[in-house]
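Structure at a glance
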Amino acid sequence: MEGDRVAGRPVLSSLPVLLLLPLLMSRAAALHPDELFPHGESWGDQLLQEGDDESSAVVKLANPLHFYEARFSNLYVGTNGIISTQDFPRETQYVDYDFPTDFPAMAPFLADIDTSHGRGAPHRVNGKVSGHLHVGHTPVHFTDVDLHAYIVGNDGRAYTAISHIPQPAAQALLPLTPIGGLFGWLFALEKPGSENGFSLAGAAFTHDMEVTFYPGEETVRITQTAEGLDPENYLSIKTNIQGQVPYVPANFTAHISPYKELYHYSDSAVTSTSSRDYSLTFGAINQTWSYRIHQNITYQVCRHAPRRPSFPTTQQLNVDRVFALYNDEERVLRFAVTNQIGPVKEDSDPTPVNPCYDGSHMCDTTARCHPGTGVDYTCECASGYQGDGRNCVDENECATGFHRCGPNSVCINLPGSYRCECRSGYEFADDRHTCILITPPANPCEDGSHTCAPAGQARCVHHGGSTFSCACLPGYAGDGHQCTDVDECSENRCHPAATCYNTPGSFSCRCQPGYYGDGFQCIPDSTSSQTPCEQQQRHAQAQYAYPGARFHIPQCDEQGNFLPLQCHGSTGFCWCVDPDGHEVPGTQTPPGSTPPHCGPSPEPTQRPPTICERWRENLLEHYGGTPRDDQYVPQCDDLGLFIPLQCHGKSDFCWCVDKDGREVQGTRSQPGTTPACIPTVAPPMVRPTPRPDVTPPSVGTFLLYTQGQQIGYLPLNGTRLQKDAAKTLLSLHGSIIVGIDYDCRERMVYWTDVAGRTISRASLELGAEPETIVNSGLISPEGLAIDHIRRTMYWTDSVLDKIESALLDGSERKVLFYTDLVNPRAIAVDPIRGNLYWTDWNREAPKIETSSLDGENRRILINTDIGLPNGLTFDPFSKLLCWADAGTKKLECTLPDGTGRRVIHNNLKYPFSIVSYADHFYHTDWRRDGVVSVNKHSGQFTDEYLPEQRSHLYGITAVYPYCPTGKKYALGCSFKLAG
């Protein structure tokens, strides 16, 4: 290598040293030096001494090398294929310094440049290590940490390094040198007539190893799977470690003496069983333990390979040097072994193992085995037992009086021990033996020190100690500390032919004259001489005398029948009615517009239906023919065009639209005001078209989806995806957001976070901050559903296997179900009918279940022909429960009772979550990493949106521009009760 400037040429240090590595790694066969670049001493190169463990003089870098978190200006290059940041030790230092297990080797590189006169190029192994361990009684998990091994084939030295294993596990794995010992067997130095593991099994095999530690009998299983050679000729290995290992304190070092192992060979398998002693030392402490190893190596024999000469059925592996080291600063676990494989020697019988270590002793199960010299041992009964060690019986401390239970306590004998329990009304003192009288804690709800509203308006809930919460009683609204009466009469709870009387905390309904009933249902009195129109007209006229009343007074003809056209005298709205006085859907017109034509149907014309008329007909079909008061129906004029002013049902929520029915932004009104969007003159028949570069405004409906740590916003134009207007709504660093739903009453979005193990929410108002509302008792919260009427949320936890509920502020939390659940995922709610639905994608028995919202009447709805029901949605328009199955690849729907099941689409990719809106389904897909829309009627894909950032999308929900009111169902009664 070039170290100084020679003949005017730059030294190597002016070039990044690592640039040479891709050149050296790009060739699998041997390279001739002339193929690399002009070289030799005449070019200023340094020459390494001949040998297999020589190193260069220092190579100084003009630009320091950044490696991990350090900077290096000096490098050394060795003939054994290692680049290091410090000079190499000499051969004589290997045993003393454990080289290279404690050596800062930076990067081994692949090259067939051999200065050892053909004595063998090094072998290299790359891989990943995963584990689920109990270190003592502490669980430790790690996934896909790096493993690198470096083997010098000419003398059987194998070095293994595993990085970033958590410290307790790495310290406990120090004695398990067989993890790196596999590579010693694979590439062991072969004695004449013998073959190492790689010569026999090649680069594809499975190594299963079971290790039992003594005297604790902890057992761990290690599986190492070889997956062939990678493009750089490295052997690829995957290692999995499962089980329990003894705890090894920090700073202790492990020492293992040289050993021998016998390997038994058959057609496609190799087995070995051996025992190993090891010592743990720290300062003057020296402890000796042992373990027993059962190894099984299987591989595929190539039947096309030439027949092998006679091969011994047993070979002996001699391991001359064994080193294990863990560096806490680097977080690297290292093993080093030196191996030879050869014939079995006569003196190779394994060293006898003390019975205390292998479990063959005769001590009682409740006794301790104390090892002696060789195979000698003694037995001693454990504390709490008595006997000779070979037979031990329990000692009853309660009967003999050898216990510490004090007054007001009861002694209970246990096998090998005892426990003290306090009598009723007493509790343990700090010594855990003396029982003292329990002082009843203060209860603010009972002693009157709470700050809740009066008892007739609110209730106080005690949570233990001095904590309490306040909740308004039914019929009142507020925070529990201040409660105001709710005017139920403004919510139209009574029958239209009844009079509502509001009272503090309650209300009552009374049928009008000419009707009879309980006020919630009123039936015309057949004995009355007045017609229904006249009776309603008389009642409305009587109510009109109240200040602020806005009752509609029905218009009747001379015979007392309802006039086909009805108009509200205060608001100016007009609509058509049937003979019973019920409004004809879709006929309502706003103030100032031409009243609808309510006479006999005109003669049919050849004019095709307009967009407004088709949309109105489609929505009416979804609503079942008769929409609710809170459901939107497009209002069209006599020509089928959109009336400029559109309103939600019978509410005062109105807005202006353009000729295509799209909402004009900024025109949405609040109750009591009407937007000024009615022109003073008749609009021209031909309207100017908008400029082609103007983006049509959104009608206010959009989708929210979760993607990693983000919540995305995807607006809809009708049912079409407005992909160009999509954006990130909220970014939460470090989160994995899965479930999502929306509360339309308070314009809040709620989500679950499996990384933070929380449930949070945020307002959609500008500048709102996220708020965590549930932050305990969760492991993997996934599905989430919001009941905007009862102000309740429901969620699933796929690790705890629970379904829980709480109020929207996280209070009054309770577990609905915790049995017969394996992997609960999606959850949906029907707040109108009070039903809850959820999926369980238990791979052995997947199912969809339902219950009432309070957890009663649980039953299985679907459990046949389903695989992985990931997504679930309840469609309030069609009254159908629909799900997307990642196992069967189907989108299916059923009625709420499980009947009428039908397939909408049978060729999905990998759906995760689904939501329904209008005549479309929208689902997130893990194969496409996007949002896919499917037509409900045709079952065809209509569009898809693929975010620029390609990663898995999880939950999805739809946000409407209005909030259905529904009914506040009480349990068993529609009245609110005071007190």
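This one's a predicted model, so the numbers in the text were calculated from it and none came from an experiment.

**Remarks on the state of the cysteines**
Taken as a whole and judged by the stated rule, the model has 17 disulfides. A sulfur-sulfur distance of 2.0 Å marks the disulfide that ties Cys882 to Cys893. Torsion about the S-S bond of the Cys882 and Cys893 cystine: about 110°, corresponding to right-handed handedness. With Cys882 in strand 55 (residues 880-885) and Cys893 in strand 56 (residues 891-894), this pair connects stretches of sequence that are eleven residues apart.

**Digging into the confidence of the model for the protein chain**
When pLDDT is averaged along the protein chain, the result is 80; 81% of the residues meet or exceed 70. pLDDT under 50 marks residues 90-103. Its contacts with residues more than four places away, or in other chains, come to 33 contacts. Contacts for the low-pLDDT stretch residues 966-979, under 50 throughout, to residues beyond four places or in other chains number 32 contacts.

**Here we look at the sheet that holds strand 48 (residues 802-807)**
Through backbone hydrogen bonds, the strands of a sheet pair up, either in parallel or in antiparallel fashion. The four strands lie next to each other as 46-47-48-49, forming an open sheet whose pairing is antiparallel. Two strands close off the open sheet at either side, each with one partner strand: strand 46 (781-787) and strand 49 (814-817). Each adjacent strand pair in this sheet contributes to an overall mean axis angle of 25°, direction not counted. In terms of strand pairing, strand 48 meets strand 49 through three bridges, oriented antiparallel. When the bridges of strand 49 are listed, Ile803 appears paired with Phe817.

**Observations concerning the pairing of strand 56**
Taking every second residue as pointing to the same face, both faces of strand 56 are buried, with Leu891 and Cys893 on one and Glu892 and Thr894 on the other. Sheet topology note: the strand 55/strand 56 ladder contains four bridges and is antiparallel. Residue pairing in the sheet places Cys882 in a bridge with Cys893 of strand 56. Between strand 55 and the antiparallel strand that follows it, strand 56, lie five residues; Lys889 among them carries a positive phi value of about 65°. As defined by bridge partners, strand 56 adjoins strand 57 (residues 902-905) across three bridges and the pair is classed as antiparallel. Bridge pairing in strand 57 links Glu892 to Val903.

**Considering the environment of Phe562**
As for its position among the elements, Phe562 is in the loop between helix 9 (532-543) and strand 34 (565-567). What makes Phe562 buried here is its relative accessible area of 11%. Between the C-alpha atom of Phe562 and that of Pro532, which follows or precedes it by 30 residues, the distance is 8.5 Å. Dropping the residues within four chain positions of it, Phe562 is found in contact with Pro532, Cys533, Gln536, Pro554, Gln555, Val577, Asp578, Pro579, Asp580 and Gly581.

**Things to note about the nonpolar core**
With 63 residues, the main nonpolar core has Val125, Ile162, Ile165, Leu176, Phe183, Trp185 and Phe205 as its most contacted residues. The element contributing the most residues to this core is strand 6 (residues 138-152), with six residues. Excluding its chain neighbours within four sequence positions, the residues that come into contact with Phe205 are Leu182, Leu186, Gln224, Thr225, Ala226, Ile237, Ile297, Thr298 and Tyr299. Judged by nonpolar contacts, the second largest core, of 15 residues, contains Tyr705, Leu721, Tyr917 and Val931.

Parameters and conventions
Residues numbered from 1 in each chain as written. Predicted model: local features only at pLDDT ≥ 70, side-chain atom pairs only at ≥ 80, totals over all residues. Heavy atoms only, no water. Disulfide = S-S within 2.5 Å. Helix = DSSP H or I, 4+ residues; strand = E, 2+ residues; numbered from the N terminus. pLDDT = per-residue confidence, 0-100. Contact = heavy atoms within 4.5 Å. Pairing = 2+ DSSP bridges. Axes fitted to C-alpha atoms, helices over the stretch in contact; angles between N-to-C directions. Buried < 20%, exposed > 50% of the residue type's maximum accessible area, 1.4 Å probe, protein only. Core = buried A, V, L, I, M, F, W, Y, C linked by side-chain atoms within 4.5 Å.

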